[in-house]
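Geometric and topological summary
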Amino acid sequence: MEERFLADEMLGRLARYLRFLGYDTEYVREADDDAIRTRAEEEHRILLTRDRALAKRTPNAILLTSPMIREQLIEVREHVPGIVLAPRFDRCTVCNGELAQVPAVTAPGPEVRGSGPVYECRRCGHRYWEGSHTREIRRFLLYLTAR
């Protein structure tokens, strides 16, 4: 079974990067510690947090020490050795929903500026395509895995 994560409000950027990697990563904001702990346990998720007290009281939590995304990904990989740092781009970075390919020609909405397939979130309808931002993410993750 693939790991599932719950990132607390201090780790929104990390949640987005884990979604780039294809990991089911929920992001919770404006919730108290008890609600976060309960959700992580009920949904069988690994809690990712920088809150030392919350990590200590939550089973299956990873306390991250760095504020930098590169180091945070390395810390997650150290705690979850099976994590693959190769982008899959199959989860929505906005809501964590699954993406499905849609025909670019029939896709209503904002103009698609990239080439290749267009993907749409099944949950929120957000659209994605290969572009310069995607290439930058791939380069960053390639650099990270070369360490």
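These figures come from a predicted structure and were not determined experimentally. (Residues numbered from 1 in each chain as written. Predicted model: local features only at pLDDT ≥ 70, side-chain atom pairs only at ≥ 80, totals over all residues. Heavy atoms only, no water.)

Re the nonpolar core
Core analysis: the largest hydrophobic core is formed by 26 residues, its most contacted members being Phe 5, Leu 14, Tyr 17, Leu 18, Leu 48, Leu 73 and Leu 141. Only β1 (4–7), α1 (12–20), β3 (46–49), α4 (69–79) and α5 (132–145) provide two or more residues apiece to this core. Considering every element that reaches this core, the biggest residue donor is α1, with 5 residues. Those residues in contact with Leu 73 that sit more than four places away from it in its chain are Leu 14, Tyr 17, Leu 18, Leu 21, Leu 85, Phe 140, Leu 141 and Leu 144. Counting 6 residues, the second largest nonpolar core, distinct from the first, contains Val 28, Ile 36, Leu 47 and Leu 54. (Core = buried A, V, L, I, M, F, W, Y, C linked by side-chain atoms within 4.5 Å. Buried < 20%, exposed > 50% of the residue type's maximum accessible area, 1.4 Å probe, protein only. Helix = DSSP H or I, 4+ residues; strand = E, 2+ residues; numbered from the N terminus. Contact = heavy atoms within 4.5 Å.)

Notes on the sheet that holds strand β7 (residues 127–129)
Sheets are built from strands paired through backbone hydrogen bonds, the pairs being either parallel or antiparallel. The 3 strands are arranged β5-β6-β7 in an open sheet whose pairing can be described as antiparallel. Bordering the open sheet on either side are β5 (99–102) and β7, each of which pairs with just one other strand. The average undirected angle you get between the axes of adjacent strands in this sheet is 35°. Note that β5 and strand β6 (residues 118–121) share 4 bridges and pair antiparallel. Opposite Ala 100, over in β6, you have Glu 120 as the bridge partner. (Pairing = 2+ DSSP bridges. Axes fitted to C-alpha atoms, helices over the stretch in contact; angles between N-to-C directions.)

Focus on the sheet that holds β3
Within the open sheet, the 4 strands sit side by side as β2-β1-β3-β4. Their pairing is parallel. Edge positions in the open sheet fall to β2 (24–27) and β4 (61–63), since each of these has one partner strand only. Recorded for the sheet is a direction-independent mean angle of 25° between the axes of neighbouring strands. Along the sheet face, helix α2 (residues 33–42) touches β1, β2 and β3 and points at about 175° away from the line of β1.

Some thoughts on the packing of α1 against α5
Packed helices, taken two at a time, are described by the angle between their axes plus the distance between the axes. Close contact between α1 and α5 brings their axes to 12 Å; oriented N to C, the two are set at 95°. What the angle tells us is that α1 and α5 run roughly perpendicular. On the side of α1, the interface is formed by Arg 16, Tyr 17 and Phe 20, while α5 contributes His 133, Ile 137, Phe 140 and Leu 141. (Parallel < 35°, antiparallel > 145°, perpendicular 65-115°, else oblique.)

Focus on the pattern of salt bridges
One pass over the structure, following the stated rule, counts 16 salt bridges. One salt bridge connects Glu 2 with Arg 88, and the closest N-O pair in it is separated by 3.1 Å. Placement of Glu 2 in the segment before β1 and of Arg 88 in the loop between α4 and β5 is noted, with a sequence separation of 86 residues between them. Residue Glu 2 is classed as partly exposed on the basis of its relative accessible area, which comes to 40%. Arg 88 gets classed as partly exposed once you look at its relative accessible area, which sits at 40%. One salt bridge in this structure joins Glu 136 and Arg 139, with 2.2 Å as the shortest N-O distance. Placement of the pair is Glu 136 and Arg 139 together in helix α5, with a separation of 3 residues, close to one helical turn. Assessed through its relative accessible area of 44%, Glu 136 is described here as partly exposed. (Salt bridge = Lys/Arg side-chain N within 4 Å of Asp/Glu carboxyl O.)

With respect to α5
With 14 residues, α5 extends 20 Å from end C-alpha to end C-alpha; this agrees with the ideal 20 Å at 1.5 Å per step. Considering only its buried residues, α5 is in contact with α1, α4 and β7. (Expected span 1.5 Å × (residues − 1).)

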